[in-house]
Amino acid sequence: MALTSIRPGRAADGQAEGTARVSAALWRRAWLRATLTLSPPLAWFLVIYLASLVLMLITAFWTVNPFTNTLEHTWTLANFRQLLTATYLSIIGRTVGMAAIVTVTDAILALPFAYYMARIASRRGRQLLFTAVLLPLWASYIARVYAWIVILQKGGTLSWALTKLGAGSVNIGYTNTAMWIVFSYIWLPFMIVPVYGALERIPDSFLEASGDLGARAWRTVRSVVLPLVLPGMVAGSIFTFSLTLGDFITPLLVGGANSNFIGNVIYSNLGTAGNLPFAAALAIVPIVIMVFYLLGARSLGAFESV
Amino acid sequence: MRRSGMWTRAGAILAAASALALAAGCSSSSSGTPSAGSSGGGGATSGLTAPEANAPVPSSVGKTEGKLNLIAWEGYAQPEWVKPYEAATGCQVSVKYAGSSSEMVSLMANGGGGQYDLVSASGDADLRLIYGGDVRPINIGLIPSWKNFHPFLQSPPFNTIGGKHFGVSYEFGPNVLLYSKTTFPTAPSSWSVLYDKKYAGQITVPDNPIQIADAALYLSKTKPSLGITDPYELTQSQFNAAVSLMKAEHPLVKKYWDLASQEISLFQSKTTVVGAAWPYQTNTLDAAGDKVADTIPSQGATGWADTWMLATKAPHPNCAYKWMQWVTTPKVQAQEADYFGETPANQLACPLMNKIQKGSCDAYHANAPESYFKTISFWKTPLAQCGNGKSDCIPFQQWVTAWTGITG
């Protein structure tokens, strides 16, 4: 009896002692603790994320046999030289230009909207507006883009409405203007939400102080509201800019004859041509652009208040 | 409540400023201009011999292996004909759908990798597969329906080399000129309407590099001085002429379509009135009551023809032979033709097509005389090696590069 009652106790003691020793060792060596905690997610990050990027970077320096479509592991800069020809520079320019225009459009649209939501609307109104902003995100991207085709195409809803109003018909389906409208619409919620967040954090007293010091409305907007909203706007612009930069479905569906984006050329090089190395070289372009964009955004304080 | 006088007034200012900024933006929005420039890699290919040309072929179909792995176009392995095949042969079918000819070539790398048995390759991929050693010859004598094929599909140059059949022809179709009957009361007799400024902004053509062959075909008839004899075998100067014709066409094009449904919607909304198309679009639009028709103009047309090709390392060759026998029978040929909107290789399929869909045999020209098919230049892989023994033709990869230059 005595033996059986002691045995488990001893085993438990031994176990507790071992655990205590390990935790003591870990407590004494902070670096070990940190390494053990961080290494699984770090390994995941390195293998899945960085390794795939590095592989892509390496592929960009190879070529593909034009006949059998197999990779040829000979080092060459030909893909990058080809990138610098007028055709691709104009496509890169169009993509970046559209991303910039869409970002500016969304910033301009989002500011008064978010301002109303954060500062003027009643509690109930704010909830309603929030739902209205986020609701489109519940619908499929493709469905929303197709809806715009119906609106913008010849004899579409927009043209019909304008004709009824006596303003004449428009035919802007399948043009870069159509792309601009669709992109601005699709990414708008991603701009409104961070701008709203930035506006909401501005204390009332700042504006009152501005008024007390004799500033009129415009001066208050320029000197108090805008500087405080800017980081939120830059944070939102990261979404609108990068999402437009990487898109290829909207150009394919609503774009016209001059609508190739970087993504479309990557897609056709992978799908139609089977030219993985050139597609990889092209894919590096948006990555480089985004690195510079994020560096710029950081210097504007986008990551301090998100 | 947060409401304060200053907040409201500041808000009004913001809204007004936004409206002004957007108005300014609208009036000065511009689009990029296409720019010229084409250069491309693409090394020459060495020695043109099919590596598997002398691989042995079976004299009879042996015991089936119980499995069959296909690489196919979507719509090429429908339950209507896969299920009866499985029941009859005991071969379980697995299908990998490919989105493009190049994807098929990539999937078939290394002779199908010991995984795939058959691929439903189009003419623009066939030669790459044959000369890449990924497919091997078959014994055409084991395919009974073969003798009922349209003669031009029995040993076509895109799948038969030196009397060796690298697979069996399946279905085909022409790339037709689709037009609105409102704009054209009579069928246009020339592809020139696609290059006519009169229809600027109302033209649509496929977003596919092989489209350059359409321009080459047109030039071969309208500019004989270029000396184009085969739209897929173009020397640098012939290629340049075709590319510059397409660049001149670019400002007239409303949209380079990627999906058949896009072209259908372009014609339904009357955004475009003329374009290059497949018979499928014509028939879909016609069925929906749109006033359109298609034609093969006097210069002829390009077209596609698909072939079931046997992988060099096919793990289930007997099931593969059974499949080639089955899908070339008149019934499956008719089912496929009506499902996909194309023309069967087997001439006996015509009456069965009409049984499935009235008038479909005529609609897809399945009973047309041989002279009709002579007007179609079927897709084949553009190679550096021209048929004349020289190696100064432009290979496909440069077609792709040039195509990006055309569509901008």
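The structure displayed is predicted, hence computed values, not measured ones.

What counts and how
Residues numbered from 1 in each chain as written. Chains lettered and ligands numbered in written order. Predicted model: local features only at pLDDT ≥ 70, side-chain atom pairs only at ≥ 80, totals over all residues. Core = buried A, V, L, I, M, F, W, Y, C linked by C-beta atoms within 7 Å. Buried ≥ 20, exposed ≤ 12 C-beta atoms within 10 Å, placed from the backbone. Helix = DSSP H or I, 4+ residues; strand = E, 2+ residues; numbered from the N terminus. Domains from an automatic or database assignment. Contact = placed C-beta atoms within 7 Å. Pairing = 2+ DSSP bridges. Axes fitted to C-alpha atoms, helices over the stretch in contact; angles between N-to-C directions. Expected span 1.5 Å × (residues − 1). Bend = angle between axes of the 7 residues up to and from the residue. Nonpolar A, V, L, I, M, F, W, Y, C, P; charged D, E, K, R; others polar.

J.: Help me understand the nonpolar core, please; the structure alone is not making it clear to me.
T.: A general trend in soluble globular proteins is that nonpolar side chains are found buried together. Of all hydrophobic cores here, the largest spans 105 residues; its most connected members are Leu118(B), Val119(B), Ile212(B), Ala216(B), Ala242(B), Met309(B) and Ala320(B). It is helix α5 (residues 212-222) of chain B that provides the largest number of residues to this core, a total of seven residues. The residue makeup of this core includes at least three contributed by each of domain 1 (67-172 + 305-367) and domain 2 (174-302 + 386-407) of chain B. Leave out the neighbours within four places in its chain, and Ala320(B) touches Leu68(B), Asp117(B), Leu118(B), Leu310(B) and Ala314(B). Residues Ala99(A), Trp148(A), Ile192(A) and Val195(A) belong to the second largest nonpolar core, which totals 48 residues.

J.: Would you mind going over the environment of Val225(A) with me for this structure?
T.: All names here are of chain A. Mapping Val225 onto the fold places it in helix α10 (residues 217-245). Overall, the presence of 26 C-beta atoms within 10 Å leaves Val225 in the buried class. Along the backbone, Val225 and Gly246 are 21 residues apart, and their C-alpha atoms lie at a distance of 32 Å.

J.: Quick question: what am I supposed to make of the pairing of strand β9 (residues 253-257) of chain B here?
T.: Side-chain positions along a regular strand alternate between the two faces of the sheet. Residue and element names in this part refer to chain B. The buried fraction of β9 amounts to five of the five residues, a majority that puts the element mostly inside the structure. Relative to β9, strand β8 (residues 203-206) runs parallel, the two sharing four bridges. Along β9, the bridge assignment pairs Ile203 with Val253.

J.: Any chance you could explain the sheet that holds β9(B) here in plain terms?
T.: All names here are of chain B. Pairing is mixed across the open sheet formed by five strands, whose spatial order is β9-β8-β10-β7-β11. Edge positions in the sheet fall to β9 and β11 (292-295), since each of these pairs with one other strand and no more. Going from strand to strand, the sheet's axes swing by 25° on average, the running direction of each strand aside. Lying over the sheet, helix α7 (residues 260-268) contacts β7 (176-180), β8, β9, β10 (274-277) and β11, oriented at roughly 150° with respect to β9.

J.: Sorry if this is basic, but what is going on with helix α2 (residues 30-59) of chain A here?
T.: Residues and elements named next belong to chain A. Compared with an ideal rise of 1.5 Å per residue, which puts 30 residues at 44 Å, α2 spans 40 Å between its outermost C-alpha atoms and is within 8% of the ideal. Its maximal kink placed at Ser39, α2 deviates by approximately 45°, while the proline Pro40 follows within four residues. Little of α2 is tucked away, with one of its 30 residues classed as buried.

J.: Explain the domain arrangement of chain B here, please?
T.: Interfaces are often sized by the amount of accessible area the parts lose when they come together. Residues and elements named next belong to chain B. One can read the domain layout of chain B as domain 1 (67-172 + 305-367) and domain 2 (174-302 + 386-407). Taking only C-alpha atoms, the centre of domain 1 and the centre of domain 2 are 27 Å apart. Across the contact, four residues belong to domain 1 and five residues belong to domain 2. Among the residues forming the side of domain 1 that touches domain 2, the class breakdown is two nonpolar, one polar and one charged.

J.: Hey, could you run me through unusual backbone geometry in this one?
T.: Outside of glycine, negative phi angles account for most residues, and trans bonds account for most peptide bonds. All names here are of chain B. Unlike most non-glycine residues, Lys270 shows phi in positive territory, near 60°. According to the C-beta neighbour criterion, Lys270 is partly exposed, with 16 such atoms within 10 Å. The phi torsion at His365 lies on the positive side, around 55°, for a residue other than glycine. As for its position among the elements, His365 is in the loop between α12 (360-363) and α13 (370-374).

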